[in-house]
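The residues making up each chain are set out below.
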Amino acid sequence: MKYDHILVRYGELTLKTKNRMMFVGKLKSRMERALNSTEAVVRANRDRAYIDLNGEDETQVINKIKHISGILSMSPVVKIEKSIDEMKEYAVKFANGFKKASTFKIEVKRADKNFPLKTHDIQQLLGTEVLTYEDHLIVDVRKPDYKLMVEVRFDAIYMYSDVVLGIGGLPLGTGGKALLMLSGGIDSPVAGFEIMKRGVEIEAIHFHSPPYTSEMSLDKVKKLIDIMSLKTGEHIKLHVIPFTDLQTTVHDHVPDNLSMTTTRRIMLTLAKRLATEIGAEAIVNGENLGQVASQTLTSMFAINEVTSMPVLRPLLTLEKNEIIKKAVEFETYETSILPYEDCCTIFKPKAPKTRPNLEKVKQFESKMDITEKLEIALKNHTIYTDEERNNEEFTGLL
Ligand code: ATP
Ligand code: MG
């Protein structure tokens, strides 16, 4: 079948009556950005969008937009004139692509009530036409192998038989901005995707402790940002914070079993500072209740005490295998499992407290003065985006 348009159905936008056009506008510009290297043209209205393929391949166009949040589903469609003959001709063309001896159903939506044939008449007419030319097919209205959808709208008739699911959610940029704490592990990239699905833009922060953590481990985190950027059509910024000095200071002043708590408190303090600087209203991390010592409620309480900024934990209650499934889906899994060390694994205490006492932690912390070190870490931080890598690759070609 030669398709000429993609029909895009919106997700939860339907709920947002007041801000509807703002949501649609954001979604339209996301699609346009994802398709800017193609000839395809996006036309978005209140209820749905049509992408005029202009000769582009429908599968490639769908692949470029299917990870955009706010899209419920997509269908390659043919747009035809409001003529009964054309409808018949295309019904047979569609049926021609159905497997031998399979079952089908014709479903009609008639938005234009002035169209001369009624819904039931169109169904009958097209069903008969298909069976005349493709007599191996069988009609089954309950559980058909194929559905041929015919939408009679005011401007034209649209016909399709495939529905490709999108990721749903809300268009990016409609939910403000958050700062993602990105390690090289499996969880935090997934947490980032989940929060972006709710329309929240993100920048990321990573704590790097050279020479304890290698260039390779930093490169792994950059690669994760590249994947996340590619998938969402964003150029996500990664802020890399030099963390060695702070981490060794903690190591020297705080007993081993509480050092994890203090390290996390410092990370969160820095994250909050950066979040405020970049205009983010929340911090996101990949924590999961009960997964490790730093992720018990008591630990979270002690760590969270350094800030009143909301700390969002989209993976809090998921099972590990559910998180892994999502990481595979988002295509970050293969990179996340590369064996490079993270700053937290290098300095990992032998027996971290699962119920750290906040007062004790504060007592030890009061003996180390890190005010200046915090400023230095923030001042010396570097920024990376996937554009940089693309530029490097481009320069490499010259
Ligand atoms: P992940 O798979 O995301 O590393 P995890 O289950 O291994 O998570 P931890 O290593 O305890 O858990 O980290 C908990 C969260 O703290 C991470 O999900 C991440 O958000 C944040 N985090 C840990 N290490 C770093 C780091 N080096 N830089 C930035 N954030 C970090
Ligand atoms: Mg980790």
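Residues numbered from 1 in each chain as written. Chains lettered and ligands numbered in written order. Predicted model: local features only at pLDDT ≥ 70, side-chain atom pairs only at ≥ 80, totals over all residues.

Novice: Now, about the nonpolar core: what can you tell me, with residues and values included?
Specialist: Counting residues in hydrophobic clusters, the biggest one holds 48 residues, and the most contacted among them are Ala 178, Leu 179, Leu 180, Ile 202, Ala 271 and Val 284. Per-element tally for this core: the top contributor is helix α8 (residues 256-278), with 7 residues. Counting 40 residues, the second-largest nonpolar core is a separate cluster that includes Ala 34, Ile 71, Met 74 and Tyr 160. (Core = buried A, V, L, I, M, F, W, Y, C linked by C-beta atoms within 7 Å. Buried ≥ 20, exposed ≤ 12 C-beta atoms within 10 Å, placed from the backbone. Helix = DSSP H or I, 4+ residues; strand = E, 2+ residues; numbered from the N terminus.)

Novice: How would you summarise the environment of Ile 62 if you had to cite specific residues and measurements?
Specialist: Mapped onto the elements of the fold, Ile 62 is located in helix α2 (residues 58-65). Judged by the 19 C-beta atoms lying within 10 Å of it, Ile 62 falls in the partly exposed class. Discounting residues that sit within four places of it in the chain, Ile 62 has contacts with Ile 6, Met 74 and Val 164. (Contact = placed C-beta atoms within 7 Å.)

Novice: So, the domain arrangement of the chain: which residues are in play, and what are the values?
Specialist: One frequently used descriptor of interface size is the decrease in accessible area upon assembly of the parts. Domain annotation for the chain reports domain 1 (1-81 + 164-171), domain 2 (85-155) and domain 3 (177-397). Computed over C-alpha atoms only, the centres of domain 2 and domain 3 are separated by 54 Å. (Domains from an automatic or database assignment.)

Novice: Pulling in residues and values, what's your account of the packing of α8 against helix α14 (residues 371-379)?
Specialist: Two numbers describe how α8 lies on α14: the axes approach to 11 Å, and their chain directions differ by 50°. Comparing the axis directions of α8 and α14 gives the class oblique. The element α8 and its partner α14 pack so that their crossing is right-handed. Only Leu 374, Ala 377 and Leu 378 of α14 make contact with α8, whose side of the interface consists of Thr 269, Leu 270, Arg 273 and Leu 274. (Axes fitted to C-alpha atoms, helices over the stretch in contact; angles between N-to-C directions. Parallel < 35°, antiparallel > 145°, perpendicular 65-115°, else oblique. Left-handed = near helix turned anticlockwise from the far one by under 90°.)

Novice: Which residues make up the site of ligand 1, and what are the values?
Specialist: In the region of ligand 1, 19 residues are neighbours, and Gly 185, Asp 187, Ser 188, Asn 285 and Gly 286 sit closest. Residue assignment for the shell around ligand 1 shows that the elements contributing at least two residues are α5 (187-197), β11 (201-208) and α12 (343-346). Residues belonging to the shell around ligand 1 are distributed by class as follows: 8 nonpolar, 8 polar and 3 charged. (Near = placed C-beta within 6 Å. Nonpolar A, V, L, I, M, F, W, Y, C, P; charged D, E, K, R; others polar.)

Novice: Can you tell me about the sheet that holds strand β14 (residues 311-312), naming the residues and giving the values?
Specialist: As summarised here, the arrangement of the 6 strands in space is β14-β13-β10-β11-β12-β15, forming an open sheet in which the pairing is mixed. Whereas interior strands pair on both sides, the edge strands pair on one side only; in this sheet they are β14 and β15 (382-384). α8 rests against β10 (177-181), β11, β12 (238-242) and β13 (282-284) of the sheet, and its axis sits at about 150° to β10. (Pairing = 2+ DSSP bridges.)

Novice: Hey, could you go over the packing of α5 against helix α10 (residues 320-329) for me, with residue numbers and the actual values?
Specialist: Two elements in contact, α5 and α10, have axes separated by 9 Å at closest approach and are oriented at 70°. With respect to α10, the axis of α5 lies roughly perpendicular. Contact residues: Asp 187, Pro 189 and Val 190 in α5; Ile 323, Lys 326 and Ala 327 in α10. Tallied by class, residues from the contact of α5 with α10 come to 4 nonpolar, no polar and 2 charged.

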